[in-house]
Amino acid sequence: MGKNEICEMLGIEYPVFQGGMAWIADGELAAAVSNAGGLGIIAAMNSNGEQLRQQIKRAKELTNKPFGVNLMLMSPFIEETVDVVCQEHIKVVTTGAGNPAAYMKKLLDAGVKVICVVASVPLAVMVERMGACAVVAEGCESGGHVGDTTTMALVPQVVDAVNIPVIAAGGIADARGMAAAFMLGAKAVQMGTRFLTAKECNVHANYKEKVLKAKDRDTIVTGKSLGHPVRALKNRMTREFTEKENTPGTTPEELEKMGAGALRRAAIEGDVRYGSCMCGQIAGLVNTENTCEEIITQICSGAAALLNQSIKVS
Ligand SMILES: Cc1cc2nc3c(=O)[nH]c(=O)nc-3n(C[C@H](O)[C@H](O)[C@H](O)COP(=O)(O)O)c2cc1C
């Protein structure tokens, strides 16, 4: 799987994005992915401007290839992080968790390419009208915050609805998944769970081990009643959360309190019993820790063989 229109648009070698992952996708992981020819993406999550600038600085020390920033639109520091992205001449941002309308003009005026993560056709159509250069269609198999349509159903419907390239995300971790995504009309893939276990990923070792050992039915979605469902590995935290969520009379505040800081607890402190180990359904297929280069070259060469394509620049 060689260069295609997404690669040309972003100046990357392979049509593979590493998804922004709060508390996990730092400047080091993003640089490793970009050095391997994919698009590394730093997760801005709830960081303030200076914290994001530090991660960008780290990535710039480690790579001279293009990398992106994932902006979390609900962040209390979203204004600052948008400014930092523009000041640091970041080539591309992906946006998640909300409507990017308020920041679109500033980003586009600064020459930043905007790629929005969408979980539905109407949102894809809306962001195309706003000037997004591509969309990531993310199915509910994925780790982290999820919509309710599967990748298999979502990707072709988004492909048919927009005139910009579509990147498929959710449940893709090997060459078969990538080839399938391309058959559905995607021009690139975004992976989170696969890169969580990359050698260069700084997530806590307990978390990484739990993902590597996970089986096909080991994830669960919690938080539907709050309006922001999250997929994570089953553990004591998700069990107690689910019990509470199903108990009549539980208030949203009580649930929000249980979830607060849970991803950090798992990713940074290594508390995989009472932290949130966000992870996708494809974890059962992810059993080895590989370098980003191994991940990208294996998936691309395997997908090219499956699709019977020679490596070519189009
Ligand atoms: C631990 C974790 C944290 C995530 N955090 C974010 C985030 O901060 N912003 C975002 O847009 N997507 C986030 N995602 C989604 C990923 O960027 C990616 O789209 C998704 O993981 C793809 O599905 P997969 O896990 O099946 O590969 C997260 C995913 C995981 C697993």
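Source: prediction; values computed, not measured.

1. Section: helix 10 (residues 205–213)
Then step 1. Taken as a whole, helix 10 has its buried residues at Tyr 207, Lys 208, Val 211 and Leu 212. Buried residues of helix 10, viewed axially, fall in a sector of 135°; they line one side. Residues Ala 205 and Lys 213 are exposed on helix 10 and point more than 90 degrees away from its buried face.
Then step 2. On its buried face, helix 10 sits against helix 9 (193–196), strand 11 (230–233) and helix 13 (262–267).

2. Re the domain arrangement of the chain
Then step 1. We note that the domain assignment places domain 1 (5–199 + 288–308) and domain 2 (205–281) within the chain.
Then step 2. Between the C-alpha centres of domain 1 and domain 2 the distance comes to 23 Å.
Then step 3. At the interface, 17 residues of domain 1 touch 17 residues of domain 2.
Then step 4. Roughly 1400 Å² is buried in total at the junction of domain 1 and domain 2, and carbon and sulfur atoms are behind 67% of that figure.
Then step 5. When residues of domain 1 are sorted by the area they lose upon contact with domain 2, Trp 23, His 145 and Leu 196 head the list and together hold 35% of the total.
Then step 6. If you look at where domain 1 meets domain 2, you find one salt bridge.
Then step 7. As a salt-bridge pair, Lys 208 and Glu 289 come within 3.1 Å of each other at their nearest N and O atoms.
Then step 8. Here domain 1 and domain 2 share eight residue pairs in polar contact (both at pLDDT 80 or more) between them.

3. Regarding the site of the ligand
Then step 1. Near the ligand there are 18 residues, and of these Gly 20, Asn 70, Glu 138, Gly 171 and Thr 193 occur at the shortest range.
Then step 2. Contact distances for the ligand include 3.2 Å between an oxygen atom and a backbone N or O atom of Gly 143.
Then step 3. Here Gly 171 contributes a backbone N or O atom positioned 2.8 Å from an oxygen atom of the ligand.
Then step 4. Contact with the protein chains hides 94% of the accessible area of the ligand, taken as 600 Å² for the molecule alone.
Then step 5. When grouped by side-chain class, the residues that make up the shell around the ligand number six nonpolar, 11 polar and one charged.

4. Concerning unusual backbone geometry
Generally, phi is negative for residues other than glycine and the peptide bonds are trans, each holding for most cases.
Then step 1. Residue Met 45 is not a glycine yet carries a positive backbone phi of 35°.
Then step 2. Examined against the element boundaries, Met 45 turns out to sit in the loop between strand 2 (40–43) and helix 3 (49–62).
Then step 3. Positioned with a positive phi, His 89 is a non-glycine residue whose angle comes to about 55°.
Then step 4. Structurally, His 89 is set in the loop between helix 4 (78–87) and strand 4 (92–96).

5. Brief notes about the sheet that holds strand 2
Two orientations exist for strands paired in a sheet by backbone hydrogen bonds: parallel and antiparallel.
Then step 1. With parallel pairing, the eight strands of this open sheet are ordered in space as 1-9-8-6-5-4-3-2. Because the sheet does not close on itself, it has two edges, and the strands there are strand 1 (16–18) and strand 2. Across this sheet, the average inter-strand angle for adjacent strands is 25°, counted without regard to direction.
Then step 2. Inspection of the sheet shows strand 1 paired to strand 9 (residues 188–191) by three bridges, in the parallel sense. Within strand 9, the position partnered with Phe 17 by the bridge is Gln 190.

6. As for the environment of Pro 15
Then step 1. With respect to the secondary-structure elements, Pro 15 resides in the loop between helix 1 (5–10) and strand 1.
Then step 2. Sequence separation between Pro 15 and Ala 188 is 173 residues, and the spatial gap between their C-alpha atoms is 4.6 Å.

7. Quick look at the nonpolar core
Across soluble globular proteins, nonpolar side chains show a tendency to be buried alongside one another.
Then step 1. Val 16, Val 69, Leu 71, Val 85, Leu 107, Phe 195 and Tyr 207 are the most contacted members of the largest nonpolar core, which has 80 residues in total.
Then step 2. Ranked by the residues each element gives to this core, the list is headed by helix 14 (residues 292–306), at six residues.
Then step 3. There are two domains that each give this core at least three residues, and those are domain 1 (5–199 + 288–308) and domain 2 (205–281).
Then step 4. Setting aside chain neighbours within four positions, we find Phe 195 in contact with Val 16, Phe 17, Gln 18, Met 21, Leu 29, Val 33, Cys 201, Cys 292, Ile 295 and Ile 296.

8. Structural notes on the state of the cysteines
Then step 1. Scanning all chains against the criterion turns up zero disulfides.
Then step 2. Cysteine Cys 7 is unpaired, with the sulfur of Cys 300 as its nearest cysteine sulfur at 8.0 Å.
Then step 3. In this structure Cys 279 is a free cysteine whose sulfur lies 8.1 Å from that of Cys 277, the closest cysteine sulfur available.
Then step 4. We classify Cys 279 as buried; its relative accessible area is 1%.

9. Re the packing of aromatic side chains
Then step 1. Within the structure shown, the criterion is met by zero aromatic pairs.
Then step 2. Between Arg 264 and the ring centre of Trp 23, over which it is positioned, the NZ or CZ distance is 5.4 Å.

10. Re the sheet that holds strand 11
Then step 1. The strand order 7-11-10 describes an open sheet built from three strands, whose pairing is antiparallel. The sheet terminates laterally at strand 7 (144–145) and strand 10 (219–222), the two strands that pair on one side only.
Then step 2. Where strand 10 lies against strand 11, four bridges are found, and the strand directions are antiparallel. The partner of Thr 219 across the bridge, within strand 11, is Leu 233.
Then step 3. Lying on the sheet, helix 11 (residues 236–245) is in contact with strand 10 and strand 11; it crosses strand 10 at an angle near 35°.

Thresholds, definitions, all that
- Residues numbered from 1 in each chain as written.
- Predicted model: local features only at pLDDT ≥ 70, side-chain atom pairs only at ≥ 80, totals over all residues.
- Heavy atoms only, no water.
- Buried < 20%, exposed > 50% of the residue type's maximum accessible area, 1.4 Å probe, protein only.
- Helix = DSSP H or I, 4+ residues; strand = E, 2+ residues; numbered from the N terminus.
- Arc of directions from axis to C-beta.
- Contact = heavy atoms within 4.5 Å.
- Domains from an automatic or database assignment.
- Buried area = accessible area lost by both parts, 1.4 Å probe.
- Salt bridge = Lys/Arg side-chain N within 4 Å of Asp/Glu carboxyl O.
- Polar contact = N/O pair within 3.5 Å; in protein donor to acceptor, adjacent residues only side chain to side chain.
- Near = heavy atom within 4 Å.
- Areas by Shrake-Rupley, 256 points an atom, 1.4 Å probe, with all protein chains shown as cover.
- Nonpolar A, V, L, I, M, F, W, Y, C, P; charged D, E, K, R; others polar.
- Pairing = 2+ DSSP bridges.
- Axes fitted to C-alpha atoms, helices over the stretch in contact; angles between N-to-C directions.
- Core = buried A, V, L, I, M, F, W, Y, C linked by side-chain atoms within 4.5 Å.
- Disulfide = S-S within 2.5 Å.
- Phe/Tyr/Trp six-rings, centres within 6.5 Å; stacked < 30°, edge-to-face > 60°.
- Lys NZ or Arg CZ within 6 Å of the ring centre and 35° of its normal.

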